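What follows is the residue order along each chain.
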Amino acid sequence: MRASVLTIIRLGPCAAYMVAAVSLLSVVQLGNAPSSPLAWAVYTTMLPMTRILVLTLVSASDVVFWGATVLLFVAAAVGGYLALRPERFLRLRFVHAHAALIASGLAVLQVSQNSAGLASASFSQLPPLGWTFGAGTSAAFALFVLILLACLSAHVAIIKNICGSYRQMNVQTG
């Protein structure tokens, strides 16, 4: 049970890369079928978390756009391998998880700051309502927490590796 929970946690960064790749593919799908309800549903679901990435790459050349999409899919696949083989490539797992953590942290900030109107209103002028996370913010925040746990898992594995090699060195010399 513990191993499967840790595997799911280590798959968190894969989810971040996959969300970004699917978001880019939703732009292509929307461009090919602008009247498709499915295209609009995927696009509007993914866009709040990846708005900066999409807006940056839509204006780029086709080679850059498709290169970034393929790179995100490769990063998700590499993360899947790293999650299933956690004892191998600890430094790569560390970097992979922390890059996803930075990207998802920026996504949470971006989603929480997306608003229409009320930009110049003070808190006293706002109508009284419950200050809870919206649907997009809670999904981005849940993904951020999952990736944060994956980063902690990478830190723990590296510390255990260092302590194990230190003990082994003391046994050999002592």
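Structure's up top.
Caption draft 1: Region of interest: the overall build of the protein. In terms of helices and strands, the protein carries 6 helices and 0 strands. Reading the protein from its N terminus to its C terminus gives the helix and strand order α-α-α-α-α-α. By residue count, 34% of the 174 residues in the protein fall in the buried class. Considering only contacts in the protein between residues 6 or more positions apart, those separated by 24 or more positions represent 77%. Put simply, the protein shows about 11100 Å² of open surface, and 71% of that area lies on carbon and sulfur atoms.

Caption draft 2: Structural detail: the pattern of salt bridges. In total, this model carries 1 salt bridge according to the counting rule given. Note that Arg85 is salt-bridged to Glu87, the shortest N-O span being 3.9 Å. Arg85 gets classed as partly exposed once you look at its relative accessible area, which sits at 39%. Of the residues examined, Glu87 reaches a relative accessible area of 54% and is grouped as exposed.

Caption draft 3: Structural detail: empty space enclosed by the protein. Across all of its chains, the model carries 1 cavity of 30 Å³ or more by this definition. Empty space within the largest cavity amounts to approximately 50 Å³. Around the largest cavity sit Arg10, Pro13, Gly79, Leu82, Arg93, His96, Ala97 and Ala150, which together line it. For the lining of the largest cavity, the secondary-structure elements that each account for two or more residues are helix H4 (62–84) and helix H5 (90–113). Sort the elements by how many residues they give to the lining of the largest cavity and H5 lands first, with 3 residues.

Caption draft 4: Highlighting unusual backbone geometry. Positive phi, close to 55°, is recorded for Phe89, a residue that is not glycine. Within the secondary structure, Phe89 sits in the loop between H4 and H5.

Caption draft 5: Broad picture of the nonpolar core. By size, the foremost hydrophobic cluster in this structure holds 30 residues, and its most contacted members are Tyr17, Leu24, Met49, Leu72 and Ile147. For this core, the elements supplying multiple residues, two or more each, are helix H2 (12–32), helix H3 (37–58), H4, H5 and helix H6 (135–173). A per-element tally of this core places H2 first, with 8 residues.

Caption draft 6: How the structure looks around a nonpolar patch on the surface. On the surface, Val70, Val74, Val78, Tyr81, Phe89 and Leu92 cluster together to form a nonpolar patch covering roughly 500 Å² of accessible area. Here the nonpolar patch takes 4 residues from H4, the largest share from any one element.

Reading the values: the criteria
Residues numbered from 1 in each chain as written. Predicted model: local features only at pLDDT ≥ 70, side-chain atom pairs only at ≥ 80, totals over all residues. Heavy atoms only, no water. Helix = DSSP H or I, 4+ residues; strand = E, 2+ residues; numbered from the N terminus. Buried < 20%, exposed > 50% of the residue type's maximum accessible area, 1.4 Å probe, protein only. Contact = heavy atoms within 4.5 Å. Areas by Shrake-Rupley, 256 points an atom, 1.4 Å probe, with all protein chains shown as cover. Salt bridge = Lys/Arg side-chain N within 4 Å of Asp/Glu carboxyl O. 1 Å grid on protein atoms, 1.4 Å probe; cavity = no way out; pocket = protein on both sides within 12 Å on 5 of 7 lines; lining within 4 Å. Points joined across faces, edges and corners; volume = space filled by probe spheres on them. Core = buried A, V, L, I, M, F, W, Y, C linked by side-chain atoms within 4.5 Å. Patch = residues over 30% accessible without salt bridge, like charges linked within 9 Å, V, L, I, M, F, W, Y side chains within 5 Å.

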